[in-house]
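Listed below, chain by chain, are the residues.
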Amino acid sequence: MKSGSAQQINPRSPRTNEGYDMTSRIVAVFQDGSRTREAQLKLQALRVTEVEGEADGSMLTAMVEDDLVDRALYLIRQTGGTTEL
């Protein structure tokens, strides 16, 4: 399991040997709301389907398939965000 993420099973999309996708929950904090929005749009382009931002624009939460976690974390860092453990 990656640090800063929680493992969950998604029973809706079978793809692994056990018949289920593994997903990780990433929570990211930003100093600037425009950076949060930028990261949200880029995560959606990465095909992360569940991305939710807070009303104040300082934080977002994303459910990411395990094969995309490293790319998602990199994207968050590149847009000025930090992940919470």
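Everything below is about the structure printed above this text.
This write-up is about the structure you can find in this document. Note that the structure is a prediction, hence the values are computed from the model and not measured.

Section: the pairing of strand S4 (residues 59-65)
- Across the seven residues of S4, five count as buried, placing the element largely inside the fold.
- Where strand S3 (residues 50-53) lies against S4, four bridges are found, and the strand directions are antiparallel. Its bridge partner lying in S4, Gly-53 is registered against Leu-60.
- Linking S3 to S4, which pair antiparallel, is a turn of five residues; within it Gly-57 sits at a positive phi near 75°.

What about the pattern of salt bridges?
- Applying the stated criterion across every chain yields a total of one salt bridge.
- A salt bridge links Lys-42 to Glu-38, with the nearest nitrogen and oxygen atoms 3.0 Å apart. Here Glu-38 and Lys-42 lie together in helix H1 (residues 33-45), a separation of four residues that amounts to about one turn.

Notes on H1
- The end-to-end C-alpha separation of H1 is 19 Å, in line with the 18 Å expected for 13 residues at 1.5 Å each.
- For H1, the elements touching its buried residues are S3, S4 and helix H2 (69-78).
- Backbone geometry just downstream of H1 places Arg-47 in the positive-phi region, at approximately 80°.

Digging into the side chain of Thr-79
- Examined against the element boundaries, Thr-79 turns out to sit in the loop between H2 and strand S5 (82-83).
- Not counting the four nearest positions on each side in its chain, Thr-79 is found in contact with Phe-30, Arg-35, Glu-38, Ala-39 and Lys-42.

Concerning the nonpolar core
- Of all hydrophobic cores here, the largest spans 17 residues; its most connected members are Ile-26, Leu-43, Val-48, Leu-60, Ala-62 and Val-64.
- When contributions to this core are tallied by element, the ones reaching two or more residues are strand S2 (21-29), H1, S4 and H2.
- Counting residues per element, this core draws most heavily on H2, at five residues.
- Look past the residues within four positions of Val-48 in its chain and what remains in contact with it is Leu-43, Ala-62, Met-63 and Val-64.

A word on the packing of H1 against H2
- For the pair H1 and H2, the least separation of the axes is 9 Å and the interaxial angle reads 155°. In terms of axis orientation, H1 runs roughly antiparallel to H2. As for the relative orientation of H1 and H2, their crossing is right-handed in sense. Contacts between H1 and H2 pair Arg-35, Ala-39, Lys-42 and Leu-43 from the former with Ala-72, Leu-75, Ile-76 and Gln-78 from the latter.

Cut-off values and rules
Residues numbered from 1 in each chain as written. Predicted model: local features only at pLDDT ≥ 70, side-chain atom pairs only at ≥ 80, totals over all residues. Heavy atoms only, no water. Buried < 20%, exposed > 50% of the residue type's maximum accessible area, 1.4 Å probe, protein only. Helix = DSSP H or I, 4+ residues; strand = E, 2+ residues; numbered from the N terminus. Pairing = 2+ DSSP bridges. Salt bridge = Lys/Arg side-chain N within 4 Å of Asp/Glu carboxyl O. Expected span 1.5 Å × (residues − 1). Contact = heavy atoms within 4.5 Å. Core = buried A, V, L, I, M, F, W, Y, C linked by side-chain atoms within 4.5 Å. Axes fitted to C-alpha atoms, helices over the stretch in contact; angles between N-to-C directions. Parallel < 35°, antiparallel > 145°, perpendicular 65-115°, else oblique. Left-handed = near helix turned anticlockwise from the far one by under 90°.

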